[in-house]
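This is what each chain is made of:
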There are 2 protein chains.
Amino acid sequence: MTDGTRERFLDASARLFRRQGYAGTGLKLITAESGAPWGSLYHHFPGGKEELGVATITRSGRRYEKVLHNLAAEATDTAQIIEDYFQLSVEALAASDYADGCPVATVALEAASTNEALRHCCAEVFASWQLALAERLEADGLAPDAAAELAVFALATFEGAVMLSRTARDPGPLRVSARLTARAIRTAIATSR
Amino acid sequence: MTDGTRERFLDASARLFRRQGYAGTGLKLITAESGAPWGSLYHHFPGGKEELGVATITRSGRRYEKVLHNLAAEATDTAQIIEDYFQLSVEALAASDYADGCPVATVALEAASTNEALRHCCAEVFASWQLALAERLEADGLAPDAAAELAVFALATFEGAVMLSRTARDPGPLRVSARLTARAIRTAIATSR
DNA sequence: GTCTATAGCTTGATAGAC
DNA sequence: GTCTATCAAGCTATAGAC
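The sections below set out a description of the structure shown in this document.

### Thoughts on the protein's contact with DNA strand D
Alright, step 1. Taken together, T25, G26, L27, K28, W38, Y42, G48 and K49 of chain A together with P37, W38, G39 and H43 of chain B make up all the residues around DNA strand D.
Alright, step 2. Protein-adjacent atoms of DNA strand D, using a 4 Å cutoff, are sugar or phosphate at a proportion of 50%.
Alright, step 3. Between a phosphate oxygen of DNA strand D and a main-chain N or O atom of L27 of chain A, the distance comes to 2.5 Å.
Alright, step 4. Between a base nitrogen of DNA strand D and a side-chain N or O atom of W38 of chain A, the distance comes to 2.9 Å.
Alright, step 5. For the surface near DNA strand D, the secondary structure elements donating two or more residues are helix 2 (27-34) and helix 4 (48-74) of chain A together with helix 3 (39-44) of chain B.
Alright, step 6. In terms of residue class, the surface near DNA strand D is made up of 5 nonpolar, 5 polar and 2 charged.

Set out below in structure tokens:
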């Protein structure tokens, strides 16, 4: 295996950062949940908490980028891809008692004005998701500018809807936003032809 | 005066919670920035940090609800109100070096799974904003259900767009989302007639 | 090289002097 | 009643034993 201990650290911190945020999660708790000894954290992440945070966010970003690409490979309709992605979040929230929202959002807001390395990392993850969506929309015939704008719009709506659903403990905002976002995308594609 | 010291605590904590989050902001820093003596915090907020957090979020919620109502009183076009609200956020971010985003969002995500009192308080604030928007959309002739859904959708897009703009240090996501949200609202109002 | 034990700080909260 | 001084517990990071 490549390095099981490092992976266990990343798994634990991904789970905890997503639910409690970056500042609210201590390294002690992360090591305890990972099952690894305390000292090995600084062996695998010499940069301490910040390096662990950046690695965790980057990995979560790549993981969901793949989910997005997998959905894009299966579905034929881009609006349907969006609805599927929202639906995945509805299910993740229901399965986790509304704990598992976006793995990046909480850290992004915390770090935006307090930790430049972490902020930059979160920004790149959001940009990668936006790009994946924009590429799919271009394939539907939208002009590059229009595709990029619609992708930002869809991503913003998704992030906000997850926040509202998680805070209210109600899948409603995600469901409603999924439908209206899909409608906006269908309209945009239709009018571009 | 009613109580200047209490107000100063709330001002300081509102500013700090918005920028650094709840877990990332210590009571020591809040008292220091408020200029009040350490002991008086527990005089005004016997419930400690949690009570201060709830009071801060509730006050911020009421404040922006008023902003929304003021915009609604001035503008004739609901889509224009939305665009104005987005624009206010663009200006707040620019004026604060991308520090002042939504005063509730960061705390909402941090507290959603860790602090029930705070989560509930954030949920009520979001609900109050949604209601204010929905009332305005009903006044435009939308059916109650459609108005409520469009209000959730607009609020979600706004919250997500603030997050993306703040993280990327770029007003683009807010600008694009403002335009597309306004378009969706105009379309919904037009087709309902 | 691995990891335990601990240093040095900061946190939220309170006892007790005034 | 007001507030200072202090508390125990948590934090991140590291020195040094194996």
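### A short note on the interface of chain A and chain B
Alright, step 1. Taken together, the 40 residues of chain A in the interface contact 40 residues of chain B.
Alright, step 2. Between the two partners, chain A and chain B, sit 2 salt bridges.
Alright, step 3. With its nearest N and O atoms 3.2 Å apart, the salt bridge here joins R179 of chain B to E149 of chain A.
Alright, step 4. For the pair chain A and chain B, the interface holds 11 residue pairs in polar contact (both at pLDDT 80 or more).
Alright, step 5. Contributing elements (two or more residues each) for the side of chain A that touches chain B: helix 1 (4-20), helix 6 (105-111), helix 7 (116-139), helix 8 (144-168) and helix 9 (172-191) of chain A.

### Side note on the relation of the copies chain A and chain B
Alright, step 1. Overlaying chain A with chain B gives an RMSD of 0.0 Å, the required rotation being 180° about an axis along which the chain moves by 0.0 Å. Overall, the copies show the geometry of a two-fold rotation axis.
Alright, step 2. In this assembly, 100% of the residues forming the interface of chain A have copies in chain B that are likewise at the interface, indicating an isologous arrangement.

### Observations concerning the pattern of salt bridges
Residues and elements named next belong to chain A.
Alright, step 1. What the rule picks out here adds up to 21 salt bridges over all chains.
Alright, step 2. Across the pair E7 and R59 runs a salt bridge, and its minimum N-O distance is 2.8 Å. With a gap of 52 residues between them, E7 in helix 1 and R59 in helix 4 connect regions that are remote in the sequence.
Alright, step 3. One network of salt bridges, in which partners are shared, links E7, D11 and R59.

About the cut-offs
- Residues numbered from 1 in each chain as written.
- Chains lettered and ligands numbered in written order.
- Predicted model: local features only at pLDDT ≥ 70, side-chain atom pairs only at ≥ 80, totals over all residues.
- Heavy atoms only, no water.
- Near = heavy atom within 4 Å.
- Polar contact = N/O pair within 3.5 Å; in protein donor to acceptor, adjacent residues only side chain to side chain.
- Helix = DSSP H or I, 4+ residues; strand = E, 2+ residues; numbered from the N terminus.
- Nonpolar A, V, L, I, M, F, W, Y, C, P; charged D, E, K, R; others polar.
- Contact = heavy atoms within 4.5 Å.
- Salt bridge = Lys/Arg side-chain N within 4 Å of Asp/Glu carboxyl O.
- Least-squares fit on C-alpha atoms with pLDDT ≥ 70 in both.

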